[in-house]
Amino acid sequence: MTFLDTPRPTSTPVGGPQLAQERKLVTSIPGPKSRALSQRKAQAVSAGVGITLPVYVVAAGGGVVVDVDGNSLIDLGSGIAVTGVGNSAPRVVAAVAAQLAQFTHTCFTVAPYDSYIEVAEALNRLTPGDHEKRSVLFNSGAEAVENAVKIARHFTGRQAVVAFDHAYHGRTNLTMGLTAKNQPYKNGFGPFAPEVYRAPMSYPLRDGGLDGVVAANRAISQIEKQIGASNLAAIIIEPIQGEGGFIVPAQGFLATLLAWCRANEVIFIADEIQTGFARTGHMFACEHEGIVPDLICTAKGIAGGLPLSAVTGRADIMDSPQAGGLGGTYGGNPLACAAALATIDTYESDHLVERAVAIGAILNERLGALAATDSRIIEVRGRGAMIAIELVDPATGEPDAALTGRVIAAAHAQGVILLGCGTYGNVIRFLPPLSIPDHLLLEGLQVIADALAETLAVA
Ligand SMILES: *Cc1c(COP(=O)(O)O)cnc(C)c1O
């Protein structure tokens, strides 16, 4: 027996890019060890924590996730667009390990350290616009959104905030209010924060292909009539909506809203928490339309899986709050900052923007070919490595959430981690790690093609 075929103890799996890049099922999904853990979960963890695919993970890297039963699954979700650089990416592992040995926490607002500044400098450099910027770091996406609203209110002296139909901005009290969808995010959790208003989105598939400028003017008219620009601190929008269904607004929608904000001294906040960091084939999705937001919220893809988020924006706005008004115990934790610097280095050094474009070409080609022969796929949309298909009943054109659920369940059973989304629950989204090898991406897409064909056979 050589060293290589010595079974590795499951307590010390070798993760990261060293994992075999293969789909391999050795049990049904979920396997017996995962099913046992699901029972323990039910006894120990709040039922309010839902699980998409109950396989319990021991290692992940490249384009695979390995579970306790020894199954190796293809990852088309990146832990919801977080591990863009891959799980346990080598530079991230090295940087976090080195930081871990130095110090783990002082609280930046008590006794600071330089990596926080370096992350802020990187964000100021990478985000759209070459104006003077400042950044502030937090832990979660929702926390970044909350703080962007705080900053905009402080700077403008106004209170109202506008979010859009189909928006998702988080699960804290203010961000629940900004989020559009009741189930499961808001139901029973009110009351919600005051002075939050909703405006109509541009959703070309479902608004009759309304021109982007016309759709923006519809929203602006509603804002002027129902709120009044002089009461409005900010509008917040995802340049491509994530949970809402990977909705790409019509060309001109964002630019028209931004121009109106500028003319009325309303802060334009781009929530790039899901779209940020190379995902869409630009470092930030605003770049596709040359949009320069006043404030930009980032999180998910920022630190290779460590919890970190940020608000970056115009120096005059960001310097408005009083010292002590922004912060938090863990915001910009040194391990997360070390991870972010290594993650950003990886996006740039490994040309992951270009990789996202290449992944997008594969997704569009394969999914487009499926859509050409399957009238249930009403649209393939998105940008770069953020692509979705929307599924309908071809007889009525109505959203088909049941079909969507069946396809996702079939993919899971075949060892492909796949996520749904959409206000109507009828969108399948593709968010592979940018470290996925082509052969796994193609194999994952074949599994989904087979799953779609299977649902036709039994229909
Ligand atoms: C995930 C997400 C959030 C919330 O981020 P958390 O880290 O889960 O709080 C906010 N906005 C968008 C667009 C997101 O995708």
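Residues numbered from 1 in each chain as written. Predicted model: local features only at pLDDT ≥ 70, side-chain atom pairs only at ≥ 80, totals over all residues. Heavy atoms only, no water.

(A) Layout of the overall build of the protein. Looking only at helices and strands, the protein has 13 helices and 15 strands in total. Over its C-alpha trace the protein gives a radius of gyration of 22 Å, about what one expects of a compact globule, namely 23 Å for 459 residues. Reported as C-alpha extents along the three principal axes, the dimensions of the protein are approximately 70 × 65 × 45 Å. Relative to its full complement of 459 residues, the protein shows a buried share of 52%. Charge separation in the protein, taken as the distance between the mean sites of 32 positive and 42 negative side-chain charges, equals 5 Å. (Helix = DSSP H or I, 4+ residues; strand = E, 2+ residues; numbered from the N terminus. Rg over C-alpha atoms; globule rule 2.2 N^0.38 Å. Buried < 20%, exposed > 50% of the residue type's maximum accessible area, 1.4 Å probe, protein only. Lys, Arg positive; Asp, Glu negative; His and termini not counted. Charge placed at Lys NZ, Arg CZ, Asp CG, Glu CD.)

(B) View of the packing of helix 7 (residues 212–226) against helix 8 (residues 253–263). Contact pair helix 7 / helix 8: the axes reach a minimum separation of 7 Å and the direction vectors enclose 35°. Two packed elements cross with a definite hand, and for helix 7 against helix 8 that hand is right-handed. Of the residues in helix 8, those in contact with Gly212, Val213, Ala215, Ala216, Asn217, Ala219, Ile220, Ile223 and Glu224 of helix 7 are Phe253, Thr256, Leu257 and Trp260. Grouping the amino acids of the contact of helix 7 with helix 8 by side-chain chemistry returns nine nonpolar, three polar and one charged. (Axes fitted to C-alpha atoms, helices over the stretch in contact; angles between N-to-C directions. Left-handed = near helix turned anticlockwise from the far one by under 90°. Contact = heavy atoms within 4.5 Å. Nonpolar A, V, L, I, M, F, W, Y, C, P; charged D, E, K, R; others polar.)

(C) Up close: the environment of Gly327. In this fold, Gly327 is placed in the loop between helix 9 (315–318) and helix 10 (334–349). Exposure remark for Gly327: the relative accessible area of 34% places this residue in the partly exposed category. In the structure, Gly327 is positioned 219 residues away from Phe108 in sequence and 8.5 Å away in space, judged by C-alpha atoms. Those residues within four positions of Gly327 in sequence are excluded, and the remaining contacts are Phe138 and Glu143.

(D) The sheet that holds strand 14 (residues 419–421), seen in detail. In spatial order, the strands read 11-12-15-14; together these four strands make up an open sheet with antiparallel pairing. Only two strands of the sheet have a single partner each, and these edge strands are strand 11 (377–383) and strand 14. Direction aside, neighbouring strands of the sheet carry axes that sit 30° apart on average. Relative to strand 12 (residues 386–391), strand 11 runs antiparallel, the two sharing six bridges. By the bridge assignment for strand 12, Gly382 is matched with Ile387. Those strands touched by helix 11 (residues 352–373) are strand 11, strand 12 and strand 15 (427–430), and its axis lies near 170° from that of strand 11. Helix 12 (residues 401–413) contacts strand 12, strand 14 and strand 15 of the sheet and is inclined by roughly 35° relative to strand 15. (Pairing = 2+ DSSP bridges.)

(E) Highlighting the pairing of strand 10 (residues 309–314). Of all six residues in strand 10, five are buried; the element is thus mostly enclosed. Where strand 4 (residues 133–138) and strand 10 come together, six bridges link them in antiparallel fashion. Looking at the pairing, Val136 lines up with Val311 of strand 10.

(F) Seen up close, unusual backbone geometry. A cis geometry characterises the amide bond from Gln183 onward to Pro184, with omega recorded as 0°. Its place among the elements puts Pro184 in the loop between helix 6 (173–178) and strand 6 (196–199). A cis amide bond links Gly190 to the next residue, Pro191, at an omega of 5°. For Pro191, the position within the fold is in the loop between helix 6 and strand 6. Its identity is not glycine, yet Ile80 carries a phi of approximately 65°, on the positive side. Tracing the backbone through its elements, the reader meets Ile80 in helix 2 (residues 78–81). With a relative accessible area of 33%, Ile80 lands in the partly exposed category. Positive phi, close to 75°, is recorded for Ala278, a residue that is not glycine.

(G) Molecular detail of the site of the ligand. The ligand sits among Ser140, Gly141, Ala142, Tyr168, His169, Gly170, Glu238, Asp271, Ile273, Gln274 and Lys300. In the model, an oxygen atom of the ligand is placed 2.7 Å from a nitrogen or oxygen of the Gly141 main chain. Taking Tyr168, its main chain carries an N or O atom lying 3.3 Å from a nitrogen atom of the ligand. Relative to its unbound accessible surface of 390 Å², the ligand loses 83% to contact with the protein. Within the shell around the ligand, the residues separate by chemical class into three nonpolar, five polar and three charged. (Near = heavy atom within 4 Å. Polar contact = N/O pair within 3.5 Å; in protein donor to acceptor, adjacent residues only side chain to side chain. Areas by Shrake-Rupley, 256 points an atom, 1.4 Å probe, with all protein chains shown as cover.)

(H) Highlighting the packing of aromatic side chains. In the structure shown here, the tally under the stated rule is seven aromatic pairs. Each ring, one from Phe108 and one from Tyr113, has its centre 5.4 Å from the other, and the planes form 80°; the classification is edge-to-face. Residue classification places Phe108 among the partly exposed residues on the basis of a relative accessible area of 21%. Where Phe277 meets Tyr347, the ring centres are 6.0 Å apart and the plane angle is 20°; that geometry is what we call stacked. Placement of the pair is Phe277 in the loop between strand 8 (267–271) and strand 9 (295–298) and Tyr347 in helix 10, with a sequence separation of 70 residues. Both residues of the pair, Phe277 and Tyr347, count as buried. (Phe/Tyr/Trp six-rings, centres within 6.5 Å; stacked < 30°, edge-to-face > 60°.)

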